[in-house]
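# Close look at the chain arrangement
Here are the chains, one letter per residue:
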Amino acid sequence: MYRGREGQWAFILHRVSGIALALYLLLHVLDISLVMYGPDGPFNAFLAFYHQWPFRIGLVAVMAGVVYHAFNGLRIIIMDFTEWGVKYQAVMWYGVLALTTIIGIPVLVKVIPEIVGRA
Amino acid sequence: MAVARPKTLRQARSSYATNGELAWWIFMRLSGLALIFLVFGHIFMNNIQINVANVDYAYVANRFSKGWVKVYDSFLLGFAMLHGVNGLRYSVEDYFKNPKRRFWAKLILFSVAIILFVMGVMTLWAFTFEEMGNAIDALPHGN
């Protein structure tokens, strides 16, 4: 079975994270706009619903998607606008994964205790 | 939109007589660059500096009462909506082969995006639905 090389995986992850982030964005604009109904409106009840742990874990996935999409986007820009970018695209993709992990670890250390209710 | 279903390279080229797609290509890179800073800052302020579970009406109302937040979030909303919806459009064009379904998918996508964008702008610039209703009622009629 053909499993693809780095560039193909980079594209698939960029596409999947991009679609997920765009759909999250639409939902996020909708939920924040509920503040327009005022302090007695549905906003607080809606957010309390969102603060349950499955959605908090979803939010961690959104943050991971943001970091990957951001750094892989930089990789795409480098490939498009430099002479050497395409030559080093595979190496840069591993750099993207490394940066995503390096930024992800302190975020997880901060957020996981909040989700399990110890902070 | 010249040729509904280009079958040759020549027809495909004539379908894209303008540089619209080039402009979007450049926009995706420029807005992407700006969004790295805007979105990282947004997440840092609302997820890292605080526990996001503490976000409630008072927190959001307090944020939207600040001028710099309105400006920051307006740029965030504008760039993110254009970048995100154009990305979804790329996906629709990649995966919806049937021209009819592709048309409807894009129509629904753009309609939802425009409605949400307007709601976002209204929210940021502090109109409540009630105030909007009163403002519309207060307009001089006959204009």
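Below or above, wherever it landed, is the structure these notes cover. (Residues numbered from 1 in each chain as written. Chains lettered and ligands numbered in written order. Predicted model: local features only at pLDDT ≥ 70, side-chain atom pairs only at ≥ 80, totals over all residues. Heavy atoms only, no water.)

### Focus: the interface of chain A and chain B
Which entries qualify depends on this criterion: The criterion used for residue contact is that any of the two residues' heavy atoms lie within 4.5 Å. Summed over both partners, buried area is the accessible surface (1.4 Å probe) that two parts give up on being assembled. In what follows, salt bridge is the name for a side-chain nitrogen of Lys or Arg lying within 4 Å of a carboxyl oxygen of Asp or Glu. Runs of H or I in DSSP of at least four residues are treated as helices and runs of E of at least two as strands, each being numbered from the N terminus.
In this assembly, 37 residues from chain A lie in contact with 37 residues from chain B. Between chain A and chain B lies a buried interface of about 3,200 Å² when both sides are counted; carbon and sulfur atoms form 76% of it. Together, R15, L26 and M36 of chain A form the three largest contributors to the area buried by chain A at its contact with chain B, with a combined 21%. Where chain A packs against chain B, one counts 2 salt bridges. The salt bridge partner of D94 of chain B is R15 of chain A, with a shortest N-O separation of 2.9 Å. Elements that contribute at least two residues to the side of chain A that touches chain B include exactly α1 (6-32), α2 (43-50), α3 (53-81) and α4 (89-115) of chain A.

### Here's the deal with the packing of aromatic side chains
Two descriptors summarise a pair of aromatic rings, namely the distance from one centre to the other and the angle between the planes of the rings. The cut-off we apply is this: Any two of the Phe, Tyr and Trp rings considered here, Trp counted by its six-membered ring, make a pair once their centres fall within 6.5 Å; the pair's planes then place it as stacked at under 30 degrees, edge-to-face at over 60, or tilted in between. For the exposure calls, accessible area comes from a 1.4 Å probe over protein chains only, and a residue counts as buried if that area is under 20% of its type's maximum, exposed if over 50%, partly exposed in between. In this scheme, the term charge over a ring applies when either NZ of a lysine or CZ of an arginine sits within 6 Å of the ring centre and within 35 degrees of the ring normal.
In this structure the tally under the stated criterion is 14 aromatic pairs over all chains. Each ring, one from F71 of chain A and one from F40 of chain B, has its centre 6.0 Å from the other, and the planes form 80 degrees; the classification is edge-to-face. Here F71 of chain A, found in helix α3, pairs with F40 of chain B, found in helix α2 (residues 20-48), and the two come from separate chains. For F40 of chain B, a relative accessible area of 26% translates into the label partly exposed. By the ring-pair criterion, three or more aromatic residues cluster together here, those being F46, F49, Y50 and F55 of chain A. Lying across the ring of W25 of chain B, R29 of chain B places its NZ or CZ 3.9 Å from the centre.

### Quick look at the nonpolar core
Let me state the cut-off plainly: Nonpolar core, defined: a set of buried Ala, Val, Leu, Ile, Met, Phe, Trp, Tyr and Cys residues in which side-chain atoms within 4.5 Å join the residues together.
Grouped together as the largest cluster of nonpolar side chains are 41 residues, with contacts concentrated most on F43 of chain A together with V60, F64 and M81 of chain B. Those elements that place two or more of their residues in this core are α1, α2, α3 and α4 of chain A together with α2, α3 (57-64), α4 (67-95) and α5 (99-124) of chain B. Apart from residues lying up to four places away in sequence, F43 of chain A is in contact with D31, I32, L34 and V35 of chain A together with D56, Y57 and V60 of chain B. Counting residues in each nonpolar core, the second largest holds 6 residues, with A10, V67, F71 and W93 of chain A among its members.

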